[in-house]
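Summary of the model geometry
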Amino acid sequence: MPKITFPARFEFLDEIRELVGQIAHEGGFSDKEVYSLQLASDEAASNIIEHAYEGVSNASFDVTCEMHGETIFITMRDTGMPFDPTKVKQPNLKADLSERQIGGLGVYLMRKLMDEVRYESNSRTGNLLIMTKRRG
């Protein structure tokens with residue numbers, strides 16, 4: 001499937017979820033798995049919009065979603081601010097809500113819901129996020 005370029009605005013999250021859902025359903029993922037894939041994609045796209053392009057108008061990013069055998073590959077590429085996912089601390093899910101740190105839950109969810117989450121940043125090509133999940 002070719003890449004689709006989306007404006008970096010929250011109102012396009014539904015279209016990204018629909019794209020991921022369609023490819024996942026066609027690839028034989030269960031409804032529960034599709035929901036998890038859509039949630040991980042939603043978190044990834046939201047992070048790009050909110051953090052990579054913070055304060056930038058008219059930005060966009062590319063999304064590719066495709067099946068290879070029993071594995072779905074969801075790729076997002078942006079040219080916004082780079083991000084170091086290794087600096088995101090594991091959230092303390094047992095802490096009282098009032099004591100929890102703000103942020104970091106999206107990265108946690110992506111890692112929990114997907115089999116693999118890879119992130120690369122390069123000053124020439126921008127930021128690349130690749131999330132993979134094997135069916136079943």
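Each remark here, short or long, concerns the structure printed above.
This is a predicted model, so every value here is computed, not measured.

Quick notes on the overall build of the protein
In terms of regular secondary structure, the protein is built from 3 helices and 5 strands. Walking the protein from its N terminus toward its C terminus, one meets helices and strands in the order β-α-α-β-β-α-β-β. Taking all 136 residues of the protein together, 43% fall into the buried category. Residue pairs in contact within the protein that sit at least 24 positions apart in sequence constitute 62% of those at least 6 positions apart.

Points about the sheet that holds strand 5 (residues 126-134)
The strand order across the open sheet built from 5 strands is 1-2-3-5-4, with neighbouring strands paired in antiparallel fashion. Strand pairing shows two members of the sheet lacking a second neighbour, strand 1 (4-7) and strand 4 (116-122), which therefore form its edges. Pairs of neighbouring strands in the sheet enclose a mean axial angle of 20°, with direction left out of account. With 7 bridges joining them, strand 2 (residues 60-68) and strand 3 (residues 71-78) adopt antiparallel strand pairing. If you follow Cys 65 over to strand 3, its bridge partner there is Ile 74. Sitting on the sheet, helix 2 (residues 31-52) touches strand 2, strand 3 and strand 5, and the angle it makes with strand 3 is about 10°.

Here we look at the environment of Val 117
Relative to the helices and strands, Val 117 is located in strand 4. For Val 117 and Ile 130, which are 13 residues apart along the polypeptide, the C-alpha to C-alpha distance reads 5.8 Å.

Some details on the nonpolar core
Ranked by size, the top nonpolar core spans 32 residues in total, and within it Ile 16, Leu 37, Phe 61, Ile 72, Ile 74, Met 76 and Met 131 carry the most contacts. Of all elements in the fold, only helix 1 (13-26), helix 2, strand 2, strand 3, helix 3 (105-113) and strand 5 reach the threshold of two or more residues within this core. With 8 residues, the single largest contributor to this core is helix 2.

Criteria and thresholds
Residues numbered from 1 in each chain as written. Predicted model: local features only at pLDDT ≥ 70, side-chain atom pairs only at ≥ 80, totals over all residues. Heavy atoms only, no water. Helix = DSSP H or I, 4+ residues; strand = E, 2+ residues; numbered from the N terminus. Buried < 20%, exposed > 50% of the residue type's maximum accessible area, 1.4 Å probe, protein only. Contact = heavy atoms within 4.5 Å. Pairing = 2+ DSSP bridges. Axes fitted to C-alpha atoms, helices over the stretch in contact; angles between N-to-C directions. Core = buried A, V, L, I, M, F, W, Y, C linked by side-chain atoms within 4.5 Å.

Any functional reading would require information that these geometric values do not contain.
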